[in-house]
Amino acid sequence: MHTLPDTKLNRRQVLVGGVAAASTLAVTTLAPQVVPNAEAASNGFVFAFQANTGKLWWSASDDHSQGMLADTSPSIVKVEKGYQMAFQANTGVLVLYGSAVKANTGLKMMAGTSPSVCRLSNGTIVAAYQASNGSLSVWSSKTGARDLKLGMRKGTSPCIAPGPNGAYRIAFQANTTSLWTYGSATGAGHDHKLGMMPGTSPSIAWVGGGYQTAFQANTGELWVTGDVYSSRLGNKLDSKSSPAIAKGGGNNTYRIAFQGSGHSLQHWDSAKGFSSYKLGMKQGTSPAITGLASGGYHVAFQANTGSLWTAGSGSSQGNMRLGMNNSTSPAICSDTLSSASSGSTAGDKAVEAARSYIGVPYKWGGESRSGVDCSGLTMLAWRSAGVSLTHKASAQYNQGTRISRAQARAGDLLFWSSNGTAAGIHHVAIYVGNNKMIHAPSPGRTVCEVTVYTSGIMPYAVRPK
């Protein structure tokens, strides 16, 4: 690891006043003012930001040695034994810094842009960034750097989100100003044909049943799109600000934090709709949000005083009395691995097991690697997750919690009936997300992953238990 230029720094250098000028929206105190320290993770979240000294600061450490390029922001994610960050160094290159990886990659980034980092369910660290040639690129701790050859709008930043089974998806503003995503599972980019406000960046998260992306449309309004729900939400944003999205405690629940056109912190919740914190933000900056292990959310942002603030369900909130650099934005993460990055849910384990049977021939009554039928495959997949199922499709329909198919997540079972009733069930498959399923189709064919077909499908999925 190449050590970046160091200057002496102490906490006093980054203390700022907490009083907003009378001409701006006042920042009200939410809680006793606290300066977080190395124990901040016990409060359920950790944040990182560029201090007004130009150095990288993060609340889980007193290491403030890394210099950042002006007007850029870091990214932070929870890993097994600590935290991992990615940022653009003051030399203009991508740097990975944290418990999993310490690396000066030497990869030149587009000036003024910020990387996004995630931990995949297989433990790989992946960072997405805009390279100096304007192309969307990734760096992986396993495979190194790769140019995805997808042009980005100059000055914008990508956002990467881990999904189940070692997959990820990246959202970014293309050089056409349209919202695009790139998925590792398909190895291809996708034009959503939704215009973005030039110069802003999208945010993406795995929410249980798929990926959801939040962005500022070219109308200045908040939009959300993805595998679960797509809609124009309507609220106006600060024209230079970007929203942030995070998964909640429930399946397909999420919250979007953003700076409103009146320069106050606001959010839209998938369950509760819009809400305003009545806290003033510095114009042109963007908030960060994370879901907490408790099921709540916590937000970090640069207040209109230039100080870092946090708000939400975490126990440490209010004015952190830490000065931020210019128009930069903080990053925040939970102190607990997300279900997507940990791959620890029973459904994820069942999908991983089912995927290992791809290519195995169909065999009526089969329940081994020499051959399986539809219910034999789902029985074996869920056995690997510690759940016992009967080797019969119609019986499996009664061996779990029934949920709407629209709420299905990885591992849930899908059923097909000849007459629309439970008595007519003749086929079962395991849902993997993104409208895909794995099944053993019929004699003469092999286990495969395909798009969910809806002819004859039952209206309810089943979550085994």
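Reference entry: report on the structure contained in this document.

Rules used in this analysis
Residues numbered from 1 in each chain as written. Predicted model: local features only at pLDDT ≥ 70, side-chain atom pairs only at ≥ 80, totals over all residues. Heavy atoms only, no water. Phe/Tyr/Trp six-rings, centres within 6.5 Å; stacked < 30°, edge-to-face > 60°. Buried < 20%, exposed > 50% of the residue type's maximum accessible area, 1.4 Å probe, protein only. Lys NZ or Arg CZ within 6 Å of the ring centre and 35° of its normal. Helix = DSSP H or I, 4+ residues; strand = E, 2+ residues; numbered from the N terminus. Pairing = 2+ DSSP bridges. Axes fitted to C-alpha atoms, helices over the stretch in contact; angles between N-to-C directions.

1. Some words on the packing of aromatic side chains
So, point 1. Inspection of every chain in the model, using the stated rule, returns 13 aromatic pairs.
So, point 2. Here the aromatic rings of Phe 301 and Trp 309 are separated by 6.5 Å at their centres, their planes lie at 40°, and the arrangement is tilted. The pair Phe 301 / Trp 309 is uniform in exposure class, with both members buried.
So, point 3. Three or more aromatic residues link up through ring pairs in this structure, and these residues are Phe 45, Phe 47, Phe 49 and Trp 57.
So, point 4. Positioned above the aromatic ring of Tyr 83 is the side chain of Lys 78, whose terminal nitrogen or guanidinium carbon lies 5.1 Å from the ring centre.
So, point 5. If you follow Arg 369 out to its NZ or CZ, it ends over the ring of Tyr 357, 4.0 Å from the centre.

2. With respect to the pairing of strand E12 (residues 168-173)
In regular strands, side chains alternate between the two faces of the sheet.
So, point 1. A large share of E12 lies buried, amounting to 6 of its 6 residues.
So, point 2. One ladder, built from 4 bridges, connects strand E11 (residues 159-162) with E12; its direction is antiparallel. Paired with Pro 162 across the strands is Tyr 168, a residue of E12.
So, point 3. Connecting E11 to the antiparallel partner E12 that follows it, the hairpin turn spans 5 residues, and Asn 165 within it adopts a positive phi of roughly 60°.
So, point 4. Bridge analysis of E12 against strand E13 (residues 178-183) gives 5 bridges, and the strand direction is antiparallel.

3. As for the sheet that holds strand E8 (residues 125-130)
Sheet strands pair by backbone hydrogen bonding; their relative direction is either parallel or antiparallel.
So, point 1. Spatially, 4 strands are ordered E7-E8-E9-E10 in an open sheet, and the strand pairing comes out antiparallel. Both edges of this open sheet fall to strand E7 (116-119) and strand E10 (144-151), since each of them pairs with a single strand only. Averaged over all pairs of adjacent strands, the angle between strand axes in this sheet comes to 20°, irrespective of strand direction.
So, point 2. Sheet topology note: the E7/E8 ladder contains 4 bridges and is antiparallel. Paired with Ser 116 across the two strands is Ala 128, which belongs to E8.

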